[in-house]
Amino acid sequence: MNMKQPNFSRRDFLKTSSTAGLTLSAIAANASETKLNVHSEMIKNQTVPTLDLTPAKWIWYPSERCLQNSFIFFRKKIFISNGLKSAKGWIVADSRYKLMLNGERIQWGPAPSDPRWVDVDPVDLMEKLKIGENYLAVQVLFYGQGDGTWPIGKPGLIFKLEVEYIAGDKQLFVSDITWQTCLARCWPPGQYKRWYLRSLQEIFDARLYPAGWENGNEITQIKWLPAMELSCPADKPALCSNYRDYLFEIGSDCENASLRPRRIPFMDEIVVSARDLVESHYISWKVPADDYFDFLLPDAFQAVRESCVLQHAGKWQILPRPELSAVLTFEFTEQIVGWPGFTVQAEEGTIIELLVQEAHQPGGPAVMNNHFFSWTRFVCKQGENVFETFDYESLRWIQLVVRNTNQPVFVSNVQVRRRRFPWPNEPALYCSDGKIQKLLNAAINTIHNAAQETIVDGMGRERQQYSGDVGHQLHAIFLTFGEKRLPARYLETFSQGLTHDGYFLDCWPAYDRLARLMERQMDLTPWGPLLDHGIGFNFDSYYYYLYTGDRSALTEVFPRLCVFYHYLKSIQTSHGLLPVENTGVPKVWIDHNAYLKQRHKQCAFNLYTVAMLYHAFRPLCSLFGRTDLADEAYDFAGRILRKTQQFFWSSRHGLYVNNLPWIAEEKNIRTCDRSLATAVLFDLCPDGNMRSVVDTLAECPPHMGFSYPANAGWRLWALAKARRIQSVLNDFRTRWAFMQSVDLNNTLQEDWTARPDSQSQWSHCPVAPLYVFFMNVAGIQPLEPGFRKFFIRPQPGDLNEMKVTAHTVRGAITVDCRGTVGHRIVKLCTPKDTTGLLVLDGREILDLPENNETVFSGEKHYILPAGEPFEVNLEYS
């Protein structure tokens, strides 16, 4: 195909994008009437289980206004008369709760949810209840202001527990007006936000804490009140209550809202102790310390670089100096996510700020207050204090700033209560290259930090789940751990962020994109709901079905994908392309590293959309019986592809050129790894002409924009498809393994460079080395839903040894390669009742039946014996 390239000026080309400014009513008309009612239509026909906790009541502290970041205590004495057979129930609160029984921590929750469809946590107290009096206690925090884990809501608590005795009789304990409640002023109510996406800037005063309240002790310093019942049905979330929201004036009849049972397990909690005290010194304040922490005043202190501690058998004794504050900095072995804490013995009124940081350079900033204001303040009571933050953090460093005392202070048990998803399988992968193995280990730890109740980019900054670059983690989660519950929840919760206009709030359920809607209307931010993440979400949904064969998790998701499809059709320009400029409230991002100008993203965005329509949305339409829509999407994709080739394919270069329409103005060509990789992966080059595209991806010339790490997997996938695996392995060694975070934090960082003592994300989500190792080095990929049929296309390159076990819904698939090219032995083990294809270099000859249908042109496709070990000798792979 040799098309004449149009030569538009910038002004002319922008004219073609003006239809992106359609009114919302026009977009809605294009998308059909069901668009605005998509949530209600799905709820009417949903198969998702819901809960009705009747006769339990939603309760709250008796009040008519709840300030942001308020903590409320609730407690209830219950009596167990005999031995128990079971004791199970449900609990949920807005926004976060800690449940205790007889003073013992039971659980923390709930998981981040859409406030209209809240996940309710199960409770099992069978092993904890004792015969006689027991005290249920719940500590609830209401955020009030948006958070990366909480978009909006109203305060409330609901609890239901049914106990069954050995004798057969049952007893019910529910939240109602008989519960006692009080305002926990040891956390000042109305406390300001930490920053844009963290609601709680925690300040805790142990002198005001009513110690023993959770055990039923009578506390003279507080007055217990009967709880106030909220007018809210027991099958609806707190959002539906009559409690007035004074901050945002939100309210709804919530006809379609519901409570849903939590379907993922609770996080494992493991106490991890600090490795060591790395440095200590004093600081002299030039301004009041409180003013510094509140307002981050410049030049607020002077460091005095003298040791301030003596160590005694696991304790650090701080040596007080008049007018100086002591600073202790502790290091952990790797970056982790959890609740930091410590024990301290001090005089009453001693103030300790706990600061966390992902990366710190010893001898660097004297105070680590340089990471999104990540500090918590504790005020000591007299004697021993055991402190732990209420909300979790992502960190490798803890710093304690100790002030307001002239007496010796003893610090011990500096630790983190680490939280991790309880994966059904442990990772099983090994390679003989030490650098690559270390890189894979770092990717695994990164997933531990990023994939918990939601699948997020980085827990140190946003704690929000995105599609697009973040959704790639799903491949690693499926193959490394064999986990499908968490991906199913990700699909459900992300899809609930569909707007009435038809695009997704692409970090849902979180606050960010709600705020961006307002900011975009006033042109106050370049960030908005990202349309390319909606494209990625279609892929996420299809891959879920391909890996699991589970259609049920998509029944709520698919109608929303249809609405998004209609939205894309509505913004198509008069030149037949989808715009990347003048898109109104939503934005097209694609990547921030690979492009010099926003208009350079149009080629990649349109190719991405074409690939999605062909390879994700269309098969999902067929799955749900919408063959009409599948055919329509196929035609729509074809039209976009032809226009994209017309405007951006350069026959001269054999490449998609991002600035081809403006080449007369810009002179030098610009390409990007994303456009080129998409073209290779989904066969979108005219006449299959991929040679120059693959060469460019391998060589990375200056004209090719290179994506940031979370998007770099596209290029690696494409090179592997073209059997350029050595380029992939070399990239692992020379680019990825040299990330500072791999060596220091056992994680993968957000950008190719990262700085300590900054806002850099040292544990982000770019786990491409892990999923590429499974999918392309070991070569394990599904061909039919639920791994009924799959292929193994091993490409060990120059690795002398490699062993990988992929955990699929059908069972484990193991690939074990030993030796070098020409002398390589490959041992395979596949599950029963599956069809596996071994895809090899076309010169390899094996005594196995060949498959009639080929996946890779020019390569041999042998049918593997299922359910039994098999060994082959390879000459060319």
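Residues numbered from 1 in each chain as written. Predicted model: local features only at pLDDT ≥ 70, side-chain atom pairs only at ≥ 80, totals over all residues. Heavy atoms only, no water.

*Asks:* What's the story with the overall build of the chain in this structure? I'm lost.
*Replies:* Secondary structure assignment for the chain yields 19 helices and 38 strands. Relative to its length of 877 residues, the chain is compact, with a C-alpha radius of gyration of 29 Å against a globular reference of 29 Å. For the chain, the spread of C-alpha atoms along the three principal axes comes to 85 × 65 × 60 Å. Counting all 877 residues of the chain, 63% fall into the buried class. For the chain, the share of sequence-separated contacts (at least 6 apart) that also reach a separation of at least 24 residues comes to 75%. For the chain, the computed accessible surface area is about 32,000 Å², with 49% contributed by carbon and sulfur atoms. Across the chain, 91 positive and 97 negative side-chain charges occur, with their mean positions spaced 3 Å apart. (Helix = DSSP H or I, 4+ residues; strand = E, 2+ residues; numbered from the N terminus. Rg over C-alpha atoms; globule rule 2.2 N^0.38 Å. Buried < 20%, exposed > 50% of the residue type's maximum accessible area, 1.4 Å probe, protein only. Contact = heavy atoms within 4.5 Å. Areas by Shrake-Rupley, 256 points an atom, 1.4 Å probe, with all protein chains shown as cover. Lys, Arg positive; Asp, Glu negative; His and termini not counted. Charge placed at Lys NZ, Arg CZ, Asp CG, Glu CD.)

*Asks:* Even after reading the chapter, I still don't get the side chain of Asn711, so can you show me in this structure?
*Replies:* With respect to the secondary-structure elements, Asn711 resides in the loop between strand S30 (704-705) and helix H16 (713-721). Of the polar contacts made by the side chain of Asn711, one reaches the side chain of Asp591; its length is 2.9 Å. With residues up to four places along the chain from it excluded, the contact list for Asn711 reads Asp469, His472, Trp589, Ile590, Asp591 and Arg674. (Polar contact = N/O pair within 3.5 Å; in protein donor to acceptor, adjacent residues only side chain to side chain.)

*Asks:* Help me out: how do you make sense of the pairing of strand S3 (residues 84-94) in this one?
*Replies:* On a regular strand, each side chain points to the face opposite its neighbour's, so the side chains alternate between the two faces of the sheet. With 10 bridges connecting them, S3 and strand S8 (residues 156-165) associate as antiparallel partners. If you follow Ala87 over to S8, its bridge partner there is Val163. Examined bridge by bridge, S3 and strand S6 (residues 117-124) share 4 bridges and lie antiparallel to one another. In the sheet register, Trp90 faces S6, and the bridge partner there is Pro122. (Pairing = 2+ DSSP bridges.)

*Asks:* Can you help me understand the pairing of strand S14 (residues 258-261) in this one?
*Replies:* By the alternation rule, side chains of S14 split into Ser258 and Arg260 and Leu259 and Pro261, which are all buried. Direction of pairing for S6 relative to S14: parallel, over a ladder of 4 bridges. Its bridge partner lying in S14, Val118 is registered against Leu259.

*Asks:* For this particular structure, what's the right way to read the pattern of salt bridges?
*Replies:* Applying the stated criterion across every chain, the model contains 58 salt bridges. Between Glu306 and Arg321 there is a salt bridge; the shortest N-O distance is 2.8 Å. One end of the pair, Glu306, is in the loop between strand S17 (301-304) and strand S18 (309-312); the other, Arg321, is in the loop between strand S19 (315-318) and strand S20 (324-346), and 15 residues separate them in sequence. Where Glu784 meets Arg788, a salt bridge forms, and the shortest distance between an N and an O atom there is 3.7 Å. The class for Glu784 is partly exposed, based on a relative accessible area of 31%. With a relative accessible area of 37%, Arg788 lands in the partly exposed category. Linked through salt bridges whose partners overlap, the residues forming this network are Arg260, Arg263, Glu492, Glu556 and Arg560. (Salt bridge = Lys/Arg side-chain N within 4 Å of Asp/Glu carboxyl O.)

*Asks:* Hey, could you run me through the packing of aromatic side chains in this one?
*Replies:* Each aromatic ring pair is summarised here by two numbers: the centre-to-centre distance and the angle between the ring planes. Throughout the structure, instances matching the rule amount to 63 aromatic pairs. The ring of Tyr608 carries the charged tip of Arg674 above its face, separated from the ring centre by 4.5 Å. (Phe/Tyr/Trp six-rings, centres within 6.5 Å; stacked < 30°, edge-to-face > 60°. Lys NZ or Arg CZ within 6 Å of the ring centre and 35° of its normal.)

*Asks:* Is there a simple way to explain the sheet that holds strand S31 (residues 780-782) in this structure?
*Replies:* Strand pairing in a sheet is mediated by backbone hydrogen bonds. Such pairs are either parallel or antiparallel. Spatial strand order, S31-S32-S36-S37: 4 strands in an open sheet with mixed pairing. Of all strands in the sheet, those with a lone pairing partner are S31 and strand S37 (860-863), marking the two edges. Neighbouring strand axes in the sheet, compared pairwise and without regard to direction, differ in orientation by 25° on average. Two strands pair when backbone bridges link them, and S31 and strand S32 (residues 789-792) are joined in this way by 3 bridges, in the antiparallel orientation. Following the sheet pairing, Pro782 is matched in S32 by Phe790. (Axes fitted to C-alpha atoms, helices over the stretch in contact; angles between N-to-C directions.)

*Asks:* Would you explain the state of the cysteines in this entry?
*Replies:* Disulfide: a covalent bond formed between the sulfur atoms of two cysteine residues. Applying the stated criterion across every chain yields a total of 1 disulfide. Cys240 shares a disulfide with Cys254; S-S distance 2.4 Å. What sets the handedness of the Cys240 and Cys254 disulfide is the S-S torsion sign, and at about -110° it is left-handed. Placement of Cys240 in the loop between strand S13 (228-229) and S14 and of Cys254 in the loop between S13 and S14 is noted, with a sequence separation of 14 residues between them. Comparing Cys240 with Cys254 shows no difference in burial state: the two are buried. Cysteine Cys562 shares no disulfide, and the gap to the nearest cysteine sulfur, in Cys621, comes to 5.2 Å. Among the residues examined, Cys562 registers a relative accessible area of 9% and is labelled buried. (Disulfide = S-S within 2.5 Å.)

*Asks:* Sorry if this is basic, but what is going on with the packing of helix H17 (residues 725-736) against helix H19 (residues 768-777) here?
*Replies:* Any two packed helices are characterised by the angle at which their axes cross and by the distance between the axes. H19 packs onto H17 with a crossing angle of 160° between their chain directions and a minimal axis gap of 12 Å. Here H17 is positioned roughly antiparallel relative to H19, judged by the angle of their axes. Considering how the two elements wind past one another, H17 and H19 form a crossing that is left-handed. On H19, the residues that touch Ile725, Val728, Leu729, Phe732 and Trp736 of H17 are Ala768, Pro769, Val772, Phe773, Asn776 and Val777. The residue inventory of the contact of H17 with H19, partitioned by class, reads 10 nonpolar, 1 polar and no charged. (Parallel < 35°, antiparallel > 145°, perpendicular 65-115°, else oblique. Left-handed = near helix turned anticlockwise from the far one by under 90°. Nonpolar A, V, L, I, M, F, W, Y, C, P; charged D, E, K, R; others polar.)

*Asks:* So what exactly am I meant to see when it comes to helix H7 (residues 485-495) here?
*Replies:* An α-helical turn contains 3.6 residues, so a residue and the one three or four places further along point in the same direction. Along H7, 10 of the 11 residues are buried, which leaves the element largely enclosed by surrounding structure. Along H7, the positions that sit buried rather than exposed are Leu486, Pro487, Ala488, Arg489, Tyr490, Leu491, Glu492, Thr493, Phe494 and Ser495.

*Asks:* Looking at this structure, I do not really get the sheet that holds strand S33 (residues 801-808). What am I missing?
*Replies:* The strand order across the open sheet built from 5 strands is S26-S33-S34-S35-S38, with neighbouring strands paired in antiparallel fashion. The open sheet has two edge strands, strand S26 (429-431) and strand S38 (870-874), and neither has a second partner. Neighbouring strand axes in the sheet, compared pairwise and without regard to direction, differ in orientation by 15° on average. When strand S35 (residues 823-829) meets S38, the two strands line up antiparallel, connected through 5 bridges. When the bridges of S38 are listed, Arg824 appears paired with Leu874.

*Asks:* Just checking my understanding: could you explain the confidence of the model for the chain for this structure?
*Replies:* Detailed reading of predicted coordinates is not advised where the pLDDT is low. With 95% of its residues at a pLDDT of 70 or more, the chain shows a mean pLDDT of 94. Between residues 1-36, whose pLDDT stays under 50, and residues either more than four places distant or in other chains, the model counts 73 contacts. (pLDDT = per-residue confidence, 0-100.)

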